[in-house]
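Per-entry structural report
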Amino acid sequence: MPSRVLIEGGWVFAGEGDGPFQVVEDGVVAVEGERIAYVGPRDGLDPAWEPTRRIDARDKAVLPGLVNAHTHHAMSLLRGYADDVPLMPWLERHIWPAEAHLTGDDVYWGTLLAIAESLLAGVTTFADMYFFMDRVAQAVVETGVRAHLSRGLIGVAPGADQALAEGKALVAAFQGAGDGRIRCALAPHAPYTCPPPFLARVLEAAAALGCPIHTHLAETRAEVEQIRAQYGKSPIRHFADLGVFQHPTLAAHCVHVDADDIAILAEHGVAVAHNPISNCKLASGIAPVPDLLAAGVTVGLASDGAASTNHLDLFEEMRLAASLQKVSRYDATVLPAWQVLRMATVGGARALGFDRLGCLAPGYLADIVVLDLRAPHLRPRHDLTSLVVYSAKASDVDTVLVHGKVLVDGGELLTVDLERVEHEVEERARRLARLARGGAADGTP
Ligand SMILES: [Zn+2]
């Protein structure tokens, strides 16, 4: 018999689709196996339905699991390593030299750290683009989270062929793995790192494997200027003309897009991962999220890697996403709280191509967050959606289910040995910093 979990007595954020949530007071969520069987008032649940486990959600909010639509999880090893530096020198002088020394084990432990941080912050799914992705997949399988995984492909580096081979092997080995929790994509890194002949090879592989594309697009003004100078068109038009969008595509950033670009994204069903803090901290700009949504583009919320954003906390991202649009447009009505929370849940789920994920409704995958509201910053409770988006913190997360299984129980991680992870990460981060600065692995400076 499948497990039956009953979450009872909380404010339940019910309802499918893109609109405001129906917040049910003293509601219940019944989970059977990996899916939600019932959501609503307690008296609507079949009295014969007997749970194998009960979760007390009184004084708590029950939300769909948050989806981080674009990250580089293992970059948590480089958190705080090089801050307050512009994008290109940041990459060329700091990040790439450190990454050149990364091992598969480093990526595994760095990913576990990011998964631990994310789970404790209510993030149940993430879209990762990095390398040693088989080790990332291993971490996903072991910890029980949900993920969209791709090997980042740079078409100008000497290792481009090797990277593409690894990218294809990842898709072949892990598509649908972890009981369907893993989806795989191919990830041409960006228009400025993937020349058209290389891109053509990636697309051919995507067609053969039947897999989607994950990329970075229109992140900075410099990128738009460079692609215009090289090809006479915007990065988005350039990728459309090369046939990238004939494949389901997840595009991170899309900060510098005009009306034509937005029309192209909408027409081809390209989904956007919005990274507000990364875009601020690297001084990239503000993505026109309300215009994307108005055009019918699917938008998910994301943190980007912790080397640029310094955290993987989608509560912070939600608040900044809403605030940035309001202040930049001098209009407090744009991107209301419910829309931001939809972006962080079902928007991300759709952007990553997961079916029946991101809402609390019967038949949906049971990725659920229970948020403890017993704190001074969460009183009074006029509007629960406002409270969650504008006042709640990642540290208010109490219990987390993914695929129907409890992975965080009363604030305790059940599938990650956090003490071991912290120890491994500290040692590995120190070694990387030493090597990147020209020292030897054994500590000789
Ligand atoms: Zn990125």
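Residues numbered from 1 in each chain as written. Predicted model: local features only at pLDDT ≥ 70, side-chain atom pairs only at ≥ 80, totals over all residues. Heavy atoms only, no water.

Applicable threshold: UniProt positions are given in the numbering used here, feature names are shortened, and annotations may be inferred rather than shown by experiment.
The name given to the protein in an unreviewed UniProt entry is 5-methylthioadenosine/S-adenosylhomocysteine deaminase, with Thermaerobacter composti as the source organism. Per UniProt, the protein has the following entry under Sequence similarities (unreviewed entry): "Belongs to the metallo-dependent hydrolases superfamily. MTA/SAH deaminase family." According to the UniProt record, the Function (unreviewed entry) comment for the protein is "Catalyzes the deamination of 5-methylthioadenosine and S-adenosyl-L-homocysteine into 5-methylthioinosine and S-inosyl-L-homocysteine, respectively. Is also able to deaminate adenosine."

Remarks on the overall build of the protein
Cut-off, in case you're wondering: Each helix corresponds to a stretch of at least 4 residues labelled H or I by DSSP, and each strand to a stretch of at least 2 residues labelled E; elements are numbered beginning at the N terminus. The atom set for the radius of gyration is the C-alpha atoms, and the globule formula is 2.2 Å times the number of residues raised to the power 0.38. Contact criterion: two residues are considered in contact whenever any of their non-hydrogen atoms come within 4.5 Å of each other. Only the protein chains shown count as covering a residue, and every accessible area follows the Shrake-Rupley method with a 1.4 Å probe. Two residue types count as positive, namely Lys and Arg, and two as negative, namely Asp and Glu; His and chain ends fall outside the count. In this description, the location of a charge corresponds to atom NZ of lysine, CZ of arginine, CG of aspartate or CD of glutamate.
When you go through the protein residue by residue, the secondary structure sums to 16 helices and 17 strands. Computed over its C-alpha atoms, the radius of gyration of the protein comes to 21 Å, within 12% of the 22 Å expected for a compact globule of 445 residues. In terms of overall dimensions, the protein has a C-alpha envelope of 65 × 55 × 45 Å along the principal axes. Contacts spanning at least 24 positions in sequence make up 73% of the contacts within the protein whose residues lie at least 6 apart. Just so you have it, the protein exposes about 16900 Å², and 51% of that area is on carbon and sulfur atoms. Taken together, the 38 basic and 55 acidic charged side chains of the protein have centroids lying 0 Å from each other.

Structural notes on the coordination of the zinc ion
In an ideal octahedron of six donors the angles at the metal are 90 or 180 degrees, and in an ideal tetrahedron of four donors they are 109.5 degrees. Short version of the rule: Donor atoms are limited to N, O and S found within 2.8 Å of the metal ion, a distance that becomes 3.2 Å for Na, K and Ca. With water left out, some sites might look partial. In this scheme the shape depends on donor count and angles: four donors with every angle between 85 and 135 degrees give tetrahedral, four or six donors with opposite pairs above 155 degrees and others between 65 and 115 give square planar or octahedral in turn, and any other case is irregular.
Bound to the zinc ion on the protein side are His-70 (NE2), His-72 (NE2), His-216 (NE2) and Asp-304 (OD), at distances that span 2.1 to 2.5 Å. Viewed at the metal, the four donor atoms of the zinc ion are separated by angles of 84 to 171°, and the geometry they form is irregular.

Describing the domain arrangement of the protein
Going by this rule: An automatic or database domain assignment provides the domain bounds reported here. Throughout, the accessible surface (probe 1.4 Å) given up by two parts as they are put together, summed over both, is called the buried area. Criterion for a salt bridge: a side-chain nitrogen of Lys or Arg within 4 Å of a carboxyl oxygen of Asp or Glu. For this analysis, a polar contact is any N or O atom pair within 3.5 Å, provided that within protein one partner can donate a hydrogen and the other can accept it, and provided that sequence-adjacent residues contribute only side-chain to side-chain pairs. Under this grouping Gly is polar, as are all residues other than the nonpolar Ala, Val, Leu, Ile, Met, Phe, Trp, Tyr, Cys and Pro and the charged Asp, Glu, Lys and Arg.
Assigned domains of the protein: these are domain 1 (4-64 + 359-413) and domain 2 (66-351). Domain 1 puts 33 residues into the contact, and the matching count from domain 2 is 30 residues. Three residues, Val-389, Tyr-390 and His-403, lead the burial of domain 1 against domain 2; their summed loss comes to 22% of the area buried on that side. The closest approach of N and O atoms between Asp-18 and Arg-350, which form a salt bridge, is 2.7 Å. At the boundary of domain 1 and domain 2, one finds 10 residue pairs in polar contact (both at pLDDT 80 or more). At the level of secondary structure, the elements contributing two or more residues to the side of domain 1 that touches domain 2 comprise strand S1 (4-14), strand S14 (368-372), helix H15 (384-391), strand S15 (397-402) and strand S16 (405-409). The leading source of residues in the side of domain 1 that touches domain 2 is H15, at six residues. When its residues are assigned to classes, the side of domain 1 that touches domain 2 shows 21 nonpolar, eight polar and four charged.

As for helix H7 (residues 221-231)
Here is the rule we go by: Each residue's exposure class comes from its accessible area (1.4 Å probe, protein chains only) as a fraction of the maximum for that residue type: buried when under 20%, exposed when over 50%, partly exposed otherwise. When we speak of the arc, we mean the arc of directions from the helix axis to the C-beta atoms.
For H7, the full list of buried residues reads Glu-223, Val-224 and Ile-227. Along the axis of H7, the buried residues cluster in a sector spanning 100°; they form a single face. Across H7 from its buried face, at more than 90 degrees, point the exposed residues Arg-221, Ala-222, Glu-225 and Ala-229. Residues of H7 that are buried in the fold lie against strand S10 (213-217) and helix H8 (235-241). Within two residues after H7, Gly-232 carries a phi angle of roughly 70°, on the positive side.

Section: the pairing of strand S9 (residues 182-188)
As a reminder of what qualifies: Pairing between two strands requires that DSSP report at least two bridges joining them.
Burial of S9 is extensive: six of the seven residues sit out of reach of the surface. As paired elements, strand S8 (residues 146-153) and S9 share seven bridges and run parallel to each other. When the bridges of S9 are listed, His-148 appears paired with Arg-183.

Observations regarding a negative patch on the surface
Basically, it comes down to this: Each patch is built from residues lacking any salt bridge and having more than 30% relative accessible area; the joining distance is 9 Å for like charges and 5 Å for nonpolar side chains (Val, Leu, Ile, Met, Phe, Trp, Tyr).
A surface patch of negative charge is lined by Asp-417, Glu-419, Glu-422, Glu-426 and Glu-427. When its relative accessible area of 68% is taken as the criterion, Glu-419 is described as exposed.

Focus on the pairing of S8
As a reminder of what qualifies: With its strands directed away from the observer, a crossover is right-handed exactly when the path from the first strand over the helix to the second travels clockwise.
Of all the eight residues making up S8, eight are buried; the element is thus mostly covered by neighbouring parts of the structure. Of the pairings in the sheet, the one linking strand S7 (residues 123-130) to S8 comprises six bridges and is parallel in character. In the sheet register, Thr-125 faces S8, and the bridge partner there is Arg-146. You can see the chain leave S7, run along helix H3 (residues 133-143) and come back into S8, and the turn it takes is right-handed.

A word on the UniProt feature "binding site: Zn(2+)" (unreviewed entry) in the protein
On the UniProt side, "binding site: Zn(2+)" (unreviewed entry) is annotated at positions that read His-70, His-72, His-216 and Asp-304 here. The annotated residues occupy 235 residues of the chain but converge on a single region, no pair of C-alpha atoms lying more than 12.0 Å apart. Mapped onto the secondary structure, His-216 falls in strand S10. Look at His-216 and you get buried, because its relative accessible area is 5%. When neighbours within four sequence positions are excluded, His-216 is seen to be in contact with His-70, His-72, Met-129, Pro-188, His-189, Ala-190, Pro-191, Ala-252 and His-253. Among the polar contacts listed, one links the side chain of His-216 to the side chain of His-72, at a separation of 3.4 Å. In this structure, Asp-304 sits in the loop between strand S13 (299-301) and helix H12 (306-309). A distance of 3.1 Å separates the side chain of Asp-304 from the side chain of His-72, its partner in a polar contact.

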